[in-house]
Each structure stands twice: as structure tokens, then as C-alpha cells.
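Listed below, chain by chain, are the residues.
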Amino acid sequence: MNRNQVLLGIIVLALAALGGFAWYTAQDEGAPPAIANTAAVTDADYEITLGSPDAPIKMIEYAAPMCPICANFDMNEFPRLKAEYIDTGKVFYIFRVSPIGAPDYGAEGIARCLPKSQYLAFIDYLYRNQDKWDPDGHVILDVRASLIAMAATTGMPADKASQCIDDKDTQARTMRIAQEGAARYGITGTPTFIVDGQNVYSGEWHWGDMKAALDAKLAK
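Topic: the packing of aromatic side chains
In this description, a pair of aromatic rings is defined by centroid distance and the angle of the planes.
Reasoning step 1: Per the stated rule, a full pass over the model turns up eight aromatic pairs.
Reasoning step 2: Ring geometry for Y62 against Y185: centres 6.1 Å apart, planes inclined by 55°, an arrangement best described as tilted. A residue pair is termed long-range when its members are at least 10 positions apart, and Y62 in strand β2 (residues 57–63) and Y185 in helix α7 (residues 168–185) qualify at 123 residues. The residues Y62 and Y185 share a single accessibility class, namely buried.
Reasoning step 3: Both rings, one in F78 and one in Y93, keep their centres 5.0 Å apart while their planes meet at 50°; by these two values the pair is tilted. Of the two residues, F78 sits in helix α2 (residues 68–86) while Y93 sits in strand β3 (residues 91–97), which places them 15 residues apart along the sequence. Residue F78 shares its accessibility class with Y93, and that shared class is buried.
Reasoning step 4: Clustering of aromatic rings is evident, with ring pairs tying together F73, F78, Y93, F193, Y201 and W205.
Reasoning step 5: Seen from the ring of Y85, K90 lies directly overhead, with NZ or CZ sitting 5.4 Å from the centre.
Reasoning step 6: Against the face of Y46 rests R173, its NZ or CZ located 3.9 Å from the ring centre.

The rules behind these values
- Residues numbered from 1 in each chain as written.
- Predicted model: local features only at pLDDT ≥ 70, side-chain atom pairs only at ≥ 80, totals over all residues.
- Heavy atoms only, no water.
- Phe/Tyr/Trp six-rings, centres within 6.5 Å; stacked < 30°, edge-to-face > 60°.
- Helix = DSSP H or I, 4+ residues; strand = E, 2+ residues; numbered from the N terminus.
- Buried < 20%, exposed > 50% of the residue type's maximum accessible area, 1.4 Å probe, protein only.
- Lys NZ or Arg CZ within 6 Å of the ring centre and 35° of its normal.

What follows is the structure in C-alpha cells.
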């Protein structure tokens, strides 16, 4: 857990329930709709994955585009995880967004509008440019416009990016994934890593410790 994310997560969910995502549009039209319990939260087509589903270890990372620790992991630790464990068939990796602030919903909305093959590259771009769109710790006068500018780097027109930010189905599904993560795995902050169905670490998981944990799993 980091940076009071438990409290912030509660606030995000409360704002959503009250229709409080006013930054999406001037008319306050960005609040996620009511959540139905009948549809699956995730499925094979919706999941963002890397590696072989037959890998001996399954790892889920719950992260948030706004999260600075997630950005640090993405830039400094993830390349080694990918090279040594994912690309070699040892780890099947799943990425899920667990928002810590309202702008995460807009970021995820844009990412979901891109071809699936571009999703993680865009999330990586957002991490590396948090100072240009993320209001947590940065002076961002217009978060929506800043996210649209981020989307433009992919070739996405502004009107399309705006539609993606406002997509209520994606907003609702993103919230439900976060709620499921909290209920099933006890997630209280980002990043949190689930290994073979167990919550094994939350926060700054440095490479040496991660490698040791994965190698211990593989040795069993």
C-alpha cells in the first residue's frame, strides 16, 4: 500500500456512485453507470496478457496509470520480468487496472479503444509521461485535454479519444475489476501482484526480491 491509496480508492468509488467524475465533461456525464452482477468481469478476449497460458506461474499485476510506483516498476523492473520469465515461458502475465483516481478511468478508456496489441505500449507511454497528464503531484490544468493529447500520439483523433474517455461500459467494467480484486485478493493499493492466486506483494517490489520469489515457485 502507498500514498494513502486505500482512502483514495474509497473516494474514487464513492465519487463514481454519486456521479462525481465532473472532470470528464462539463455536464458531469462521466460517472460510471450502475454495476450489474450478471456479466463476467474479465474474459479471455478482454484480458491483457503476455506469455504462454501454459506457463507454470500465473502473475496478475493490478496497477493504475496514475500510480508513480507502478510507473517505476514498468520502467525499471518489468523489462527484466518480461525478458527472463515471460518471454522464456516461465510466467503468464496479466495486467489489470485498479484505479486510484478519476483520471485512471479516462486513461483506461483510451487504452481500451486502441488495438489490443497497442494497449501495453500506450500504458507504458502514460507511465513515462505522467508529468504531462497525471494531476497527482503535477500541475495539470485540464486533465481531459491532456489525456486527449496523449491519445493523439497514437494517431487517435480528438473526438474519438473523447468518446473513449466517456465510454460508460468501460468505466463500469474497470470499476468492477477493481472491486473484484479488492474482494478476492484483498487489494488495497497499487501495484499489487497476485502469483498463482495469492496476493504476494503490494508496493515497490524490487527485482531481487521478485526474482527470488519466482525462482522459489519454479523450484517446487
